[in-house]
Amino acid sequence: MTAVAQTPPGTLPADQAAAPRRRGRTSVVLACAMGAALVGLCLLSAGIGAYDIPVGDVVGSLLHRTGLGGAALDRVGESVLWNVRLPRVALALLVGASLGCAGALMQGVFGNPLAEPGVIGISVGSAVGAVAAIALGLSFLGNWTVTACAFVSGLGTVLLVYVLSRSGGRTEVVTLILTGIAVNAFGGALIGLGVFLADNAQVTQITFWQLGSLAQATWPKVLAVLPCALAGLAAAPLYARKLDLLALGERPARHLGVDVERLRLVLVVVVALLTAAAVAVAGVITFVGLLVPHVLRMAAGPGHRFLVPGSALGGALVLVAADLAARTAAQPAELPLGVLTALFGSPFFFVLLRRTRRKQGGWA
């Protein structure tokens, strides 16, 4: 009779003990690959367009402006690069990172890989504010009126959803989702009413905003979204460990010292800041917050220590690539960015769902 090797008490089998190390290496490799791809894609995006600028010249101009050598471009090239292309690339980075990070946080808070920021009404709330500003012809802040109204309305909608979903000093996930669905439906009705009351020019402006675009990117818009994006992106990784504990369930997380209600409130506020700022300057852009965290979770595991910052990096990469495609795929016309992300994101996400279901043998 052959002896059966037994694992000493208190230790894990070798394959289980090696799994975290493999995931750690995968996370590092994936982060480095995404970072390198993002740098290269940003340089390409800054150079490609109706006025082509070689990548070497883009790098030279960047080095020249930062005092590290290089050489300036001609007057037209410098103007195109610094007044048109680079603001657009910077805004794509901030908006994509914000949406990707917000998606990872929402999926962690709800404990569902299919959750995304729009679940609690941020996108629809921002759209209501923008549509109202356009349809009513508001202009109290000049060109910033639509952006400001969208941002304030998005934050207000999240606050409304959170207040309506509270009962007995607690907020349940199911109640929060159902309240968000109801508010989304009401917001959709308000958007329809705004479109009905608007004239033809206003309807065109509303449609363009709802489809999502970075065509109006400027340095002031980059600076407008920068504080919210940096604050949210800096705060989000601080809650990675608590999100990992919350993944065990609310009751085990409470026993391990997590104030679940406080955690949920803080992260909803962070998601609201990230998403409302992004939607206010770029319009409604779908699937980035849903797809990116889901793909990274499949590639590197569910640990939020990598998933949260990795989703920000992946979201930036996806949106820079999507914006480049939107600008160049149908030149001289420009495709709506939100339509492009949904057009490619939805079938890709369906394939991922089918693959996950087949691998797991069904949904638990």
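Nothing here was measured: the structure is a model prediction, and the numbers come from that model. (Residues numbered from 1 in each chain as written. Predicted model: local features only at pLDDT ≥ 70, side-chain atom pairs only at ≥ 80, totals over all residues. Heavy atoms only, no water.)

A. Expanded view of the environment of G77. With respect to the helices, strands and loops of the structure, G77 is situated in helix 3 (residues 75-110). Residue G77 is classed as buried on the basis of its relative accessible area of 1%. Note: C-alpha distance between G77 and V58 (19 residues apart in sequence) is 9.3 Å. (Helix = DSSP H or I, 4+ residues; strand = E, 2+ residues; numbered from the N terminus. Buried < 20%, exposed > 50% of the residue type's maximum accessible area, 1.4 Å probe, protein only.)

B. View of the packing of helix 4 (residues 122-135) against helix 11 (residues 260-282). Close contact between helix 4 and helix 11 brings their axes to 9 Å; oriented N to C, the two are set at 45°. Considered as vectors, helix 4 and helix 11 are oriented oblique to each other. For the crossing formed where helix 4 meets helix 11, the hand is right-handed. Residue-level inspection shows I122, S123 and S126 of helix 4 in contact with helix 11, the latter providing V271, A272, T275, A276 and V279. Here the contact of helix 4 with helix 11 is built from residues that sort into five nonpolar, three polar and no charged. (Axes fitted to C-alpha atoms, helices over the stretch in contact; angles between N-to-C directions. Parallel < 35°, antiparallel > 145°, perpendicular 65-115°, else oblique. Left-handed = near helix turned anticlockwise from the far one by under 90°. Contact = heavy atoms within 4.5 Å. Nonpolar A, V, L, I, M, F, W, Y, C, P; charged D, E, K, R; others polar.)

C. Quick look at the layout of surface pockets. Quantified by volume, the largest pocket comes out at close to 490 Å³. If you trace the largest pocket, you find 24 residues lining it, with N143, V146, Q205, Q216 and K221 closest to the centre. Looking at the lining of the largest pocket, the elements with two or more residues in it are helix 4, helix 5 (145-165), helix 7 (200-211) and helix 11. (1 Å grid on protein atoms, 1.4 Å probe; cavity = no way out; pocket = protein on both sides within 12 Å on 5 of 7 lines; lining within 4 Å. Points joined across faces, edges and corners; volume = space filled by probe spheres on them.)

D. Inspection of helix 2 (residues 55-65) at higher detail. For helix 2, the complete set of buried residues consists of V58, G60 and S61. Projected onto a plane normal to the axis of helix 2, the buried residues spread over an arc of 165° and lie on a single side. Looking at the residues trailing helix 2, positive phi occurs at G67, about 75°. (Arc of directions from axis to C-beta.)

E. View of the packing of aromatic side chains. Counted by the stated rule, this structure contains zero aromatic pairs. Stacked on the ring of W82, the Lys or Arg R65 has its end atom at 4.4 Å from the ring centre. (Phe/Tyr/Trp six-rings, centres within 6.5 Å; stacked < 30°, edge-to-face > 60°. Lys NZ or Arg CZ within 6 Å of the ring centre and 35° of its normal.)

F. Structural detail: the packing of helix 3 against helix 12 (residues 288-300). Two elements in contact, helix 3 and helix 12, have axes whose closest approach is 7 Å; the angle formed by their N-to-C orientations is 65°. Relative to helix 12, the element helix 3 is oriented roughly perpendicular. Where helix 3 crosses over helix 12, the two elements pack in a sense that is right-handed. Here helix 3 contributes G96, L99, G100, G103, A104 and Q107 to the contact with helix 12, which in turn contributes V288, G289, L290, P293, H294 and R297.

G. Structural view of the environment of A312. Here A312 shows up in helix 13 (residues 304-328). When the C-alpha atoms of A312 and A236 are compared, they prove to be 10.0 Å apart, with 76 residues separating the residues in sequence.

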